[in-house]
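The residues making up each chain are set out below.
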Amino acid sequence: MPGSVPVAEAVDGRQVRKVALSGLLGTVIEYYDFLLYSTMAALVFGTLYFPGSNPAVSTIAAFGTLAAGYVARPLGGLIFGHFGDKLGRKSALVMSMVLMGVASVLIGVLPTYSSIGLTAPVLLVLLRCVQGIAVGGEYGGAALMVIEHADARRRGAWVGVMQAGSPLGSLLSNGAVALVTLLPREDFVSWGWRIPFLASAILLIIGLYVRLSVVESPLFRQAMAKAGERESLPLLRVLRRPRAVLLACAAGIGPFAMTALIGSHSVAYAKGLGYDLPDIMRAHLLISLTGLIGIPIFSALSDRIGRRRVLLIGASGAVLFAFPMYALLEARTVPAMIAALVVAQIFQNLMYAPLAPMLSEMFGTRVRYTGVSLGYQMASLLGAGFTPMIAATLVAGTGGSSLPLSCIIVGAVGISIVSVLLISETRGRDLGEER
């Protein structure tokens, strides 16, 4: 029942901290690599891998490869969700981390179109798909590993530590890009952009060291002990009652659409308005810092006032700010740009922070990895996968108008509002109950 606390829930504080740290590092690595690609797609991939006479067309093509990663994320959620529910969370998470690290390093050494022709963009898309599969398996597993170890009354607070890995990964990614963009333009385009991708190997080694030291989820071990030999596939069990996964997907569409517009598309849009690239990257460092502070606070707040209430506060603010945000950007002053992106990021964080605990509490233990991963990654695909490409196309087709961009925010966040109103409050649910 919503609001109930499990009768018995043994919590090892030391292990919870270790699992939260493991989740944090894993999420840092996944999002550093995934978002690094997003930024480079806006800055150089159009020129290096999709050369053409029209820079806008090259940028749209580069954002198309960005979408390929999002298309692959639900597939990753299904693959890793299946093995995570059947064999264990820990092994699935280790493999997702290795996949992401290897794909990113290979992007860092990938020849460009001028060297190997059409093979270059094909390989770039392939590696982006591998990144998508990897990140598709990371989030659901990392979130529920923390939640399945934590006390029922502090799930939001502990998973907030893990979720801080998303803005921290973004912060490291934007910081790395900000450093290499200080190079002369010729050096940055020639070899400087590769350095942040190669640096992900260091993060991978550190993350694997910590992740291999954690123990398997106690709730998963208990569920395995009770499971019958002929238990059906997790995906089939989820799809027999599709309402939960459909609502989970719809709830995440709004925050993901805002992530795409604030994170990747705003770089290209601000450049088109005449902002200098170093100013844009400094603004993105600030929005990463905003998320680093806001997400843990708002996730912990959902332990006190409920997952739905926190998400709805953020959604209401996002709808009201959709048009003022772009009006501030179009003022063409750095303080106005920073204000627009930081305020929008706060509303996005309010929507995003309660997702992990809410989605994890919507599914039973034997299907939780599959259900959470499928709902979350489908939301990422529908909310963010094609949004930068659509946004760039609409801006180019309307002579630079921001009206379609504001409408995207209102529409996507509206979907989230409707879905959350249909979800019962999940805070404090007994995770041992099968649903």
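The structure displayed is predicted, hence computed values, not measured ones. (Residues numbered from 1 in each chain as written. Predicted model: local features only at pLDDT ≥ 70, side-chain atom pairs only at ≥ 80, totals over all residues. Heavy atoms only, no water.)

### Some thoughts on the overall build of the chain
In step 1: Tallying secondary structure elements over the chain gives 19 helices and zero strands in all.
In step 2: Computed over C-alpha atoms, the radius of gyration of the chain comes to 21 Å, within 12% of the 22 Å expected from 2.2 N^0.38 for 435 residues, which places it in the range of a compact globule.
In step 3: In terms of overall dimensions, the chain has C-alpha extents of about 65 × 45 × 35 Å along its principal axes.
In step 4: Burial status across the chain gives 59% buried among its 435 residues.
In step 5: For the chain, the proportion of contacts with a sequence separation of at least 24, taken over those separated by at least 6, is 88%.
In step 6: With the model as given, the accessible surface of the chain reaches about 16300 Å², and the carbon-plus-sulfur share is 69%.
In step 7: Charge separation in the chain, taken as the distance between the mean sites of 33 positive and 22 negative side-chain charges, equals 4 Å. (Helix = DSSP H or I, 4+ residues; strand = E, 2+ residues; numbered from the N terminus. Rg over C-alpha atoms; globule rule 2.2 N^0.38 Å. Buried < 20%, exposed > 50% of the residue type's maximum accessible area, 1.4 Å probe, protein only. Contact = heavy atoms within 4.5 Å. Areas by Shrake-Rupley, 256 points an atom, 1.4 Å probe, with all protein chains shown as cover. Lys, Arg positive; Asp, Glu negative; His and termini not counted. Charge placed at Lys NZ, Arg CZ, Asp CG, Glu CD.)

### Description of empty space enclosed by the protein
In step 1: In total, this model carries two cavities of 30 Å³ or more according to the counting rule given.
In step 2: The space that makes up the largest cavity amounts to roughly 400 Å³.
In step 3: Taken together, 27 residues make up the lining of the largest cavity; nearest its centre are Leu35, Ser166, Ser170, Thr259 and Gly263.
In step 4: Of all the elements in the fold, those that place two or more residues in the lining of the largest cavity are helix H1 (13-49), helix H2 (55-86), helix H7 (165-180), helix H12 (243-273), helix H13 (277-305) and helix H15 (334-352).
In step 5: When residues of the lining of the largest cavity are assigned to their parent elements, the largest contribution, six residues, is made by H12. (1 Å grid on protein atoms, 1.4 Å probe; cavity = no way out; pocket = protein on both sides within 12 Å on 5 of 7 lines; lining within 4 Å. Points joined across faces, edges and corners; volume = space filled by probe spheres on them.)

### Some words on the pattern of salt bridges
In step 1: Under the criterion given, the structure shown has nine salt bridges.
In step 2: Note that Arg89 is salt-bridged to Asp85, the shortest N-O span being 2.8 Å.
In step 3: By relative accessible area, which is 0% here, Asp85 ends up buried.
In step 4: When the shortest N-O distance is used, the salt bridge between Glu148 and Arg368 registers 2.8 Å. One end of the pair, Glu148, is in helix H5 (residues 119-149); the other, Arg368, is in helix H17 (residues 368-385), and 220 residues separate them in sequence. In this pair, the class of Glu148 matches that of Arg368, namely buried.
In step 5: Connected through shared salt-bridge partners, Asp85, Arg89, Glu148 and Arg368 make up one network. (Salt bridge = Lys/Arg side-chain N within 4 Å of Asp/Glu carboxyl O.)

### Side note on the environment of Ala251
In step 1: Assignment of secondary structure puts Ala251 in helix H12.
In step 2: With 164 residues separating them in the primary sequence, Ala251 and Ile415 have C-alpha atoms 7.1 Å apart.

### Some thoughts on the packing of aromatic side chains
For any pair of aromatic rings, the description rests on two quantities: the centre-to-centre distance and the angle between the ring planes.
In step 1: Under the defined criterion, the tally for this structure stands at 10 aromatic pairs.
In step 2: Ring geometry for Phe45 against Phe197: centres 6.2 Å apart, planes inclined by 20°, an arrangement best described as stacked. Placement of the pair is Phe45 in helix H1 and Phe197 in helix H9 (residues 194-211), with a sequence separation of 152 residues. The residues Phe45 and Phe197 share a single accessibility class, namely buried. (Phe/Tyr/Trp six-rings, centres within 6.5 Å; stacked < 30°, edge-to-face > 60°.)

### What about the packing of helix H8 (residues 185-192) against H9?
In step 1: Between H8 and H9, the least distance of the axes is 7 Å, while the angle of their chain directions is 40°. Taken together, H8 and H9 sit at an angle that is classed as oblique. Where H8 approaches H9, its residues Ser190, Trp191 and Gly192 are matched on the opposing element by Arg194, Ile195 and Pro196.
In step 2: Among the residues forming the contact of H8 with H9, the class breakdown is three nonpolar, two polar and one charged. (Axes fitted to C-alpha atoms, helices over the stretch in contact; angles between N-to-C directions. Parallel < 35°, antiparallel > 145°, perpendicular 65-115°, else oblique. Nonpolar A, V, L, I, M, F, W, Y, C, P; charged D, E, K, R; others polar.)

### Re a nonpolar patch on the surface
In step 1: Judged by side-chain polarity, Val71, Phe386, Ile390 and Leu394 come together as a nonpolar surface patch covering roughly 300 Å² of accessible area.
In step 2: Take Ile390: its relative accessible area is 42%, and that puts it in the partly exposed class. (Patch = residues over 30% accessible without salt bridge, like charges linked within 9 Å, V, L, I, M, F, W, Y side chains within 5 Å.)

### Description of the nonpolar core
In step 1: By size, the foremost hydrophobic cluster in this structure holds 117 residues, and its most contacted members are Met40, Val44, Phe45, Tyr49, Trp193, Met325 and Met362.
In step 2: Element by element, the count of residues in this core is highest for H1, at 17 residues.
In step 3: Not counting residues within four places of it along the chain, the set of residues in contact with Val44 comprises Phe188, Val189 and Trp193. (Core = buried A, V, L, I, M, F, W, Y, C linked by side-chain atoms within 4.5 Å.)

### Thoughts on the packing of H12 against H15
In step 1: Relative to each other, H12 and H15 sit at 160°, their axes nearing to 8 Å. Taken together, H12 and H15 sit at an angle that is classed as roughly antiparallel. Judged by the twist between their axes, the crossing of H12 over H15 is left-handed. Of the residues in H15, those touching H12 at Gly254, Pro255, Met258, Thr259, Ile262, Ser266 and Ala270 are Met337, Leu341, Ala344, Gln345, Gln348, Met351 and Tyr352. (Left-handed = near helix turned anticlockwise from the far one by under 90°.)

### Some details on unusual backbone geometry
As a rule of thumb, non-glycine residues mostly have phi less than zero, and peptide bonds are mostly trans rather than cis.
In step 1: Even without glycine at this site, Arg332 takes up a positive phi of about 60°.
In step 2: Summarising the element assignment, Arg332 is placed in the loop between helix H14 (307-329) and H15.

### A few points about H7
Since the α-helix packs 3.6 residues into each turn, any two residues three or four apart lie on the same face.
In step 1: A rise of 1.5 Å per residue sets the reference length of H7, with its 16 residues, at 22 Å; its end C-alpha atoms lie 22 Å apart and thus fit the reference within 8%.
In step 2: Counted residue by residue, H7 has 13 buried out of 16 residues, so it is predominantly covered. (Expected span 1.5 Å × (residues − 1).)

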